[in-house]
Amino acid sequence: MNTRTILKALVDKEIISDQQSSVISSYETTRPFSIHWELRSILYLGILFLTSGIGIIIYENIDTIGHQVIIATIACLTIACFAYTFKHSLPYSHDEVKNPNKLSDYVLLLGCTTFLALEGYLQFQYTLFGTRYGVAIIIPTIVFLFSAYRFDHRGALSMGITGLASWLGLTIAPLSILSENDFTEERLVISAVILGIALVALGWLSCEKQIKAHFSFTYLFMGGNLAPAAALVGLFTHPFKIVYFCIGIGLSVFFVLRSRQAHSLLFLLMGVVYGYVIITYSIFESIGSDAAFALGSLYFMLSSAGVIVFLLKYKVFLGIKK
Amino acid sequence: MKKAYNLHWIENLYISQVSSRWRAKNLLTPEQEAQIKVEFPEEFYRPGIFVKIGLFIFATIACSFFVGFISIFFLEAGGDDAFSFLSMIACVCYLISLEYLIKNRKLFHSGVDNALLYAAITAAFVPMFILFEDADVLVYCIFSLILFTLATLRYADLLTTIGCFGALFTLLASLMLKFPLSKALLPFAIMILAAGIYFSIRNNRSLYYADCIKVLKALSLVTFYLGGNYFIVREGNALLNELNLPVSPQIAFAPVFYFFTTAIPAFYVIAGLKRHDRVLFIIGLLTFAFSIYTYRSFFSQLTIAQELLVAGIVMIAAAVSVIKYLHTPKHRVSDEQEGQRKLANLEAIWVAQNLGQAPQENGLEFGGGNFGGGGAGEVY
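Remember, it's a predicted structure, so these values are computed and weren't measured experimentally.

### Re the overall build of chain A
- From N to C terminus, chain A includes 13 helices and one strand.
- Reading the helices (α) and strands (β) of chain A from amino to carboxyl end gives α-α-β-α-α-α-α-α-α-α-α-α-α-α.
- Going through the 322 residues of chain A one by one, you find that 51% of them count as buried.
- Put simply, of all contacts in chain A between residues at least 6 apart along the chain, 65% involve residues at least 24 apart.
- For chain A, the accessible surface area stands at approximately 15,300 Å², while carbon and sulfur atoms represent 68% of it.

Have a look at this one:
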């Protein structure tokens with residue numbers, strides 16, 4: 001089966017005219033070969049290699065090359081990147097901004113990573129922020145989040161969210177180094193749950209209020225993995241299991257329902273997997289290990305068959321029309 | 001061999017995919033597209049990739065615990081024979097449910113059928129390994145080649161296709177390694193076999209096996225290149241002759257392999273662009289990268305960091321200049337974005353994870369679990 005046979009079948013069924021068929025067939029024979037994604041992948045890998053190389057070279061030669069030279073070079077690169085992005089950017093809008101400039105997305109990405117390198121170098125060499133590591137992390141986070149909204153860049157947004165998470169991780173982690181007990185670990189778990197839920201709420205809000213609605217996925221995905229995963233850890237290892245259970249199940253249900261509105265099957269998958277793990281763990285935990293051992297294979301066989309039936313018919317269950 | 005999936009639907013599916021591509025280019029009106037969907041119906045159950053993943057995971061769980069469940073009835077028997085018998089039963093059960101689901105639930109590579117097929121094959125392997133214990137590797141190769149080929153012919157599955165390819169080349173290698181003369185000629189034999197596979201499937205237009213053919217093409221191109229790659233041949237030679245030297249010795253016919261290492265990727269890339277063959281083009285780029293790696297493994301004077309820096313600058317410069325050059329399509333090659341990016345959201349997250357975060361060491365880790373949000377860059 002090729003273009004010619006398809007066109008013949010369509011003409012035979014009188015769906016298209018002979019004339020239209022010859023237009024399509026000439027389009028197919030003269031169609032150019034697009035190497036768009038290959039070029040973008042090379043560009044992206046180039047940025048990755050370049051910034052990795054810069055990072056390692058700085059560390060290796062920190063004593064030999066002049067600091068001013070390094071700082072000046074990276075700063076120039078960063079400024080150039082941001083200047084380019086600003087120059088070619090479109091005005092801010094609540095909707096998705098489609099920038100016709102082919103490179104500005106990648107230039108911004110390069111600028112963000114070199115900015116990180118610059119800031120890291122300043123902190124390493126001159127301890128610019130002293131021991132206030134939180135400040136050192138929150139500054140790039142703010143820059144990224146600003147760039148994400150100003151230039152409509154999802155990559156910068158997820159870098160910003162990652163920064164936010166590590167900011168929480170770091171300002172809390174020193175306490176755990178001080179005391180190293182379960183209590184402080186639990187604080188980490190709690191803050192992960194809270195941050196995750198906050199991100200999910202942000203994602204939900206940005207969709208509801210139509211403020212950069214296409215960012216909602218990034219928020220939901222990152223928060224939606226952080227919170228249930230932390231809730232799982234809480235459920236496994238900490239007291240107040242019922243709280244973690246409710247949070248985890250609540251999020252799973254939210255995602256399954258959410259997948260209907262967002263038409264995103266990834267959320268359906270996340271909801272089902274997290275929900276399944278939480279429910280399975282809770283059942284086995286409550287019936288005790290002897291019963292669990294006896295019923296284990298039957299339970300897993302039947303329950304996963306049940307999940308398969310649900311997934312095969314999710315459209316019916318969730319009321320999605322095709 | 002009789003094909004498992006409805007061939008007619010596969011053709012109709014292809015027609016409607018092609019026509020929606022034409023529709024996107026305004027070559028067809030929406031009414032015409034709708035009419036095509038009516039005239040060429042297909043009823044496959046084809047969920048999105050994430051539901052497929054979910055179905056695959058849970059089908060795998062169900063299959064594994066199914067064995068555990070039926071083994072309860074064989075508890076007292078014990079022994080190898082009972083275990084072989086058990087896995088034969090499991091295999092038959094999997095195959096029956098696979099056929100039933102394809103027929104009645106209209107599955108089409110939807111996760112469940114993949115999982116059931118793999119489970120059936122795994123179950124079929126068990127008696128083989130128990131009955132032919134300590135057999136020559138040839139026996140296993142021939143057995144798996146037959147099994148994978150039958151499965152591929154019937155179900156057109158990608159993983160079994162890869163299995164066929166792997167079994168065939170393992171067979172070749174284990175035969176050639178038996179004699180000293182053929183051992184020396186192994187690279188050439190591999191290249192000839194790979195080229196033979198490529199040319200025998202190149203003009204196969206079967207829709208049913210379209211994806212299998214793509215995979216086989218990619219595999220044979222890669223294998224052909226690796227068979228002639230200087231790095232692989234030199235290191236492989238040292239490994240096979242059990243030379244425990246710090247640096248593997250120079251090989252015979254080295255200039256031939258230098259030539260292959262340089263020429264094959266260039267040929268792939270040019271042929272891919274000329275013939276509009278994406279598989280050829282992408283494999284060309286990847287093998288080119290591996291050739292660079294080969295070169296630096298033996299001749300480079302730079303440190304890794306400097307290499308990364310240079311490679312990054314060269315790649316950025318090359319990509320940017322080609323993008324600028326292709327601002328208007330040239331030589332029937334364009335930089336036009338075709339179709340929607342289906343996974344744009346995930347791409348963005350992946351990009352950010354790779355480009356790293358925060359100058360200090362960080363990351364939220366509990367008990368080995370790495371959270372989605374805390375991925376620290378490997379760079380700084």
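### So, the overall build of chain B
- For chain B, the count of helices and strands is 15 helices and three strands.
- Classification of the 380 residues of chain B by burial places 44% in the buried group.
- When the accessible surface of chain B is split by element, carbon and sulfur atoms take 68% of a total near 20,300 Å².

### As for unusual backbone geometry
- Look at Asp152 of chain A: it is not a glycine, yet its phi comes out positive at around 55°.
- Asp152 of chain A gets classed as buried once you look at its relative accessible area, which sits at 10%.
- Backbone geometry at Arg332 of chain B places phi at a positive 60°, although glycine is not the residue there.
- Positionally, Arg332 of chain B belongs in the loop between helix H14 (304-325) and strand E1 (333-334).

### Re the interface of chain A and chain B
- Each side of the interface is counted separately: chain A has 100 residues, and chain B has 94 residues.
- For the pair chain A and chain B, the summed buried area comes to about 9,000 Å², and 75% of that belongs to carbon and sulfur atoms.
- Put simply, Arg278 of chain B and Glu38 of chain A hold a salt bridge, and the shortest N to O gap is 2.8 Å.
- On inspection of chain A and its partner chain B, the count reaches nine residue pairs in polar contact (both at pLDDT 80 or more).
- It is helix H3 (residues 36-60) of chain A that contributes the most residues to the side of chain A that touches chain B, 23 residues altogether.
- For the side of chain A that touches chain B, a count of residues per class yields 62 nonpolar, 26 polar and twelve charged.
- When strand E1 (residues 33-34) of chain A meets E1 of chain B, the two strands line up parallel, connected through two bridges. Residue Ser34 of chain A lies in a different strand from E1 of chain B, and its bridge partner there is Ser334 of chain B.

### Points about the environment of Val92 of chain B
Residues and elements named next belong to chain B.
- By the secondary structure assignment, Val92 is in helix H4 (residues 79-104).
- For Val92, a relative accessible area of 44% translates into the label partly exposed.
- On a C-alpha basis, the gap between Val92 and Ala123 in space is 9.0 Å, while along the polypeptide they are 31 residues apart.

### Focus on the side chain of Asp277 of chain B
- Within the fold, Asp277 of chain B resides in the loop between helix H12 (254-275) and helix H13 (278-299).
- Notably, Asp277 of chain B is buried but unbridged: the nearest opposite-charge side chain belongs to Lys217 of chain B, and the N-O separation is 4.4 Å.
- There is a polar contact of 3.3 Å between the side chain of Asp277 of chain B and the backbone nitrogen of Leu280 of chain B.
- Here Asp277 of chain B is in contact with Phe33 of chain A together with Tyr198, Lys217 and Gly272 of chain B, once residues within four sequence places are set aside.

### Observations concerning helix H12 (residues 289-312) of chain A
All names here are of chain A.
- A rise of 1.5 Å per residue sets the reference length of H12, with its 24 residues, at 34 Å; its end C-alpha atoms lie 32 Å apart and thus fit the reference within 8%.
- Remark: the principal bend of H12, roughly 60°, maps to Leu295.
- Of all the positions in H12, only Ala292, Gly296, Ser297, Phe300, Met301, Ser303, Ser304, Val307, Ile308, Leu311 and Leu312 are classed as buried.

### Remarks on helix H6 (residues 137-155) of chain B
Residues and elements named next belong to chain B.
- When the terminal C-alpha atoms of H6 are compared, their 26 Å separation across 19 residues agrees well with the 27 Å that a helix rising 1.5 Å per residue should span.
- Inspection of H6 places Leu138, Tyr140, Cys141, Ser144, Leu145, Phe148, Ala151, Thr152, Arg154 and Tyr155 among the buried residues, and these make up the whole buried set.
- If you follow the buried residues of H6, they end up packed against H4, helix H5 (112-131), helix H7 (158-176) and helix H10 (210-228).
- Where H6 begins, one side-chain oxygen reaches toward the backbone nitrogen of Leu138, 3.0 Å away; that side chain belongs to Asp136.
- Looking one or two places after H6, you find Ala156, whose phi comes out positive at around 50°.

### Things to note about the packing of aromatic side chains
All names here are of chain B.
- Using the criterion set out here, one finds 38 aromatic pairs over all chains in the structure.
- Their ring planes at 80° and their centres at 6.3 Å tell us that Tyr225 and Phe290 sit as a pair that is edge-to-face. Here Phe290 lies in helix H13 and Tyr225 lies in helix H10, a separation of 65 residues in the sequence.
- Phe290 sits in the partly exposed class, given a relative accessible area of 24%.

### Thoughts on the pattern of salt bridges
Residue and element names in this part refer to chain B.
- Per the stated rule, a full pass over the model turns up seven salt bridges over all chains.
- Residue Asp136 is joined to Lys178 by a salt bridge in which the shortest nitrogen-to-oxygen separation is 3.9 Å. Placement of the pair is Asp136 in the loop between H5 and H6 and Lys178 in the loop between H7 and helix H8 (180-184), with a sequence separation of 42 residues.
- For Lys178, a relative accessible area of 43% puts it in the partly exposed group.

### Comments concerning the nonpolar core
- If you look at the biggest cluster of nonpolar residues, it comprises 104 residues, and the most contacted ones within it are Leu268 and Leu311 of chain A together with Tyr5, Val51, Leu55, Tyr94 and Val112 of chain B.
- Formed by 37 residues, the second largest nonpolar core is a distinct cluster that contains Phe33, Ile74 and Leu108 of chain A together with Val333 of chain B.

### Things to note about the confidence of the model for chain A
- Overall, the prediction assigns chain A a mean pLDDT of 78, with 91% of residues at 70 or greater.
- Ignoring residues within four places in sequence, the model shows residues 170-184 of chain A, a span with pLDDT below 50, making 16 contacts including any to other chains.

### Re the packing of H10 of chain B against H12 of chain B
Residue and element names in this part refer to chain B.
- Two elements in contact, H10 and H12, have axes separated by 8 Å at closest approach and are oriented at 155°. Here H12 runs roughly antiparallel to H10, going by the angle between their axes. Where H10 approaches H12, its residues Leu221, Phe224, Tyr225, Gly227 and Gly228 are matched on the opposing element by Phe257, Phe260, Thr261, Ile264, Pro265 and Tyr268.
- A per-class count over the contact of H10 with H12 returns eight nonpolar, three polar and no charged.

### With respect to the state of the cysteines
- The full count for this structure, using the stated rule, is zero disulfides over all chains.
- Free of any disulfide, Cys212 of chain B has its nearest neighbouring cysteine sulfur in Cys164 of chain B, separated by 8.9 Å.

### Concerning a negative patch on the surface
- On the surface, a cluster of negative charge is made up of Asp80, Asp81, Glu133 and Asp134 of chain B.
- Mapping Asp80 of chain B onto the fold places it in helix H4.

### Digging into the side chain of Ser220 of chain B
- Secondary-structure assignment places Ser220 of chain B in helix H10.
- Aside from chain neighbours lying at most four places away, what touches Ser220 of chain B is Phe165, Ala194, Ile197 and Tyr198 of chain B.

Cut-offs used in this document
Residues numbered from 1 in each chain as written. Chains lettered and ligands numbered in written order. Predicted model: local features only at pLDDT ≥ 70, side-chain atom pairs only at ≥ 80, totals over all residues. Heavy atoms only, no water. Helix = DSSP H or I, 4+ residues; strand = E, 2+ residues; numbered from the N terminus. Buried < 20%, exposed > 50% of the residue type's maximum accessible area, 1.4 Å probe, protein only. Contact = heavy atoms within 4.5 Å. Areas by Shrake-Rupley, 256 points an atom, 1.4 Å probe, with all protein chains shown as cover. Buried area = accessible area lost by both parts, 1.4 Å probe. Salt bridge = Lys/Arg side-chain N within 4 Å of Asp/Glu carboxyl O. Polar contact = N/O pair within 3.5 Å; in protein donor to acceptor, adjacent residues only side chain to side chain. Nonpolar A, V, L, I, M, F, W, Y, C, P; charged D, E, K, R; others polar. Pairing = 2+ DSSP bridges. Lys, Arg positive; Asp, Glu negative; His and termini not counted. Expected span 1.5 Å × (residues − 1). Bend = angle between axes of the 7 residues up to and from the residue. Phe/Tyr/Trp six-rings, centres within 6.5 Å; stacked < 30°, edge-to-face > 60°. Core = buried A, V, L, I, M, F, W, Y, C linked by side-chain atoms within 4.5 Å. pLDDT = per-residue confidence, 0-100. Axes fitted to C-alpha atoms, helices over the stretch in contact; angles between N-to-C directions. Parallel < 35°, antiparallel > 145°, perpendicular 65-115°, else oblique. Disulfide = S-S within 2.5 Å. Patch = residues over 30% accessible without salt bridge, like charges linked within 9 Å, V, L, I, M, F, W, Y side chains within 5 Å. Charge placed at Lys NZ, Arg CZ, Asp CG, Glu CD.

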